[in-house]
Amino acid sequence: MGRDIAATAATAGVSSGRKAIDPRVMAVIEQVPRHEFVPDDQRPFAYENRPLPIGHGQTISQPYIVALMTDLMMVKPEDVVLEVGTGSGYQAAVLAGMARTVYTIEIIEPLGLQACERLTQLGYGQVKCKVGDGYYGWDAHAPFDAIIVTAAASHVPPPLIRQLKPGGRMVIPVGAQFLTQYLLLVEKSGDGTVSTRQVLPVRFVPLVGGH
Ligand code: SAH
């Protein structure tokens, strides 16, 4: 799988601006057992470089996209990070290999509960989960060094910008369902100024909820 990710990174590099994924990210991806995060009937495909269905109309992202998004977050070992859209828990497990603590929020209760149980069983104790609407972030544990949103929003949620530390980075797909969505890298500078860069056209399930 690592070779597939590297090959996609090399060809997509022109538009994503990243020719190669950080070796630390690749090492973690090689360690996380993706087959543990997909339904039994999808296990034969767990190490292919494509998204897979995980039930409730949701998907576990393509490994290349997980690698690219994690790379763009530039997570350091002492960081506290937030994920919106736990899904299977796979991306949270990858982040757990990079950061000190991972907070993750899922809006579909059965998915969130299952992912949480799975992460505990697999020994990812530094991942803290909750079921709720991630549009509003997780104020009690803010600010975060990095934030990742794994569902496409129509706009960058202001609560998430507020919960990002100065110097922090957020990776989020933005755009309407069935139309072109772009992966955005949002950076908050030391003085609080926010800048945004389009990285790559992508396709994600929509960010739903009450906003
Ligand atoms: N990161 C996941 C992939 C998630 S797919 C993984 O590694 O498997 C996107 C997920 O976002 C879905 O599970 C969907 O239910 C969830 N989601 C959508 N809107 C949300 C919201 N407002 N708050 C939290 N989760 C949301």
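On a predicted model such as this, the values are computed, not experimentally measured, just so you know.

Hey, could you go over the side chain of threonine 70 for me, with residue numbers and the actual values?
Structurally, the position occupied by threonine 70 is in helix 3 (residues 63-73). On the basis of relative accessibility, which here comes to 0%, the residue threonine 70 falls in the buried class. Within the structure, the side chain of threonine 70 is placed 2.6 Å from the backbone oxygen of valine 66, a separation counted as a polar contact. Discounting chain neighbours no more than four positions away, the residues touching threonine 70 are Val25, Gln91, Val94, Leu95 and Met98.

Account for the packing of aromatic side chains, with residues named and values stated.
Overall, the coordinates contain 4 aromatic pairs when judged by the stated rule. Plain terms: the ring middles of tyrosine 103 and tryptophan 138 are 5.1 Å apart, the flat faces sit at 70 degrees to each other, and that makes the pair edge-to-face. Of this pair, tyrosine 103 sits in strand 4 (residues 101-106) while tryptophan 138 sits in the loop between strand 5 (127-131) and strand 6 (144-149); the two residues are 35 residues apart in sequence, bridging distant segments of the chain. Accessibility expressed as a relative area gives 12% for tryptophan 138, which makes it buried. What links up through ring pairs into an aromatic cluster is the set Tyr103, Trp138 and Phe144. Sitting over the face of the ring of tyrosine 90, arginine 34 holds its NZ or CZ atom 5.7 Å from the ring centroid. Directly above the aromatic system of phenylalanine 45 lies the positively charged group of arginine 50, at a separation of 5.0 Å from the ring centroid.

Give a description of the sheet that holds strand 3 (residues 80-84) that names residues and reports values.
What the 7 strands build is an open sheet, ordered 5-4-3-6-7-8-9; its pairing is mixed. Edge positions in the sheet fall to strand 5 and strand 9 (194-202), since each has one partner strand and no second. Each adjacent strand pair in this sheet contributes to an overall mean axis angle of 15 degrees, direction not counted. Two strands pair when backbone bridges link them, and strand 3 and strand 4 are joined in this way by 5 bridges, in the parallel orientation. For leucine 82, the partnering residue across the bridge sits in strand 4 and is tyrosine 103.

Could you give an account of the site of the ligand, with specific residues and numbers?
As a matter of local geometry, the ligand sits amid 26 residues, with Ser88, Glu106, Asp133, Gly134 and Val208 nearest to it. At 3.0 Å, a backbone N or O of glycine 85 approaches a nitrogen atom of the ligand. Contact between the ligand and isoleucine 107: a nitrogen atom at 3.3 Å from a main-chain N or O atom of the residue. Look at the ligand: alone it shows 580 Å² of surface, and the protein chains cover 99% of it. For the shell around the ligand, the secondary-structure elements that each account for two or more residues are strand 2 (58-60), strand 3, helix 4 (90-96) and strand 4. Along the lines of polarity and charge, the residues of the shell around the ligand split into 12 nonpolar, 11 polar and 3 charged.

Procedures and definitions
Residues numbered from 1 in each chain as written. Predicted model: local features only at pLDDT ≥ 70, side-chain atom pairs only at ≥ 80, totals over all residues. Heavy atoms only, no water. Helix = DSSP H or I, 4+ residues; strand = E, 2+ residues; numbered from the N terminus. Buried < 20%, exposed > 50% of the residue type's maximum accessible area, 1.4 Å probe, protein only. Polar contact = N/O pair within 3.5 Å; in protein donor to acceptor, adjacent residues only side chain to side chain. Contact = heavy atoms within 4.5 Å. Phe/Tyr/Trp six-rings, centres within 6.5 Å; stacked < 30°, edge-to-face > 60°. Lys NZ or Arg CZ within 6 Å of the ring centre and 35° of its normal. Pairing = 2+ DSSP bridges. Axes fitted to C-alpha atoms, helices over the stretch in contact; angles between N-to-C directions. Near = heavy atom within 4 Å. Areas by Shrake-Rupley, 256 points an atom, 1.4 Å probe, with all protein chains shown as cover. Nonpolar A, V, L, I, M, F, W, Y, C, P; charged D, E, K, R; others polar.

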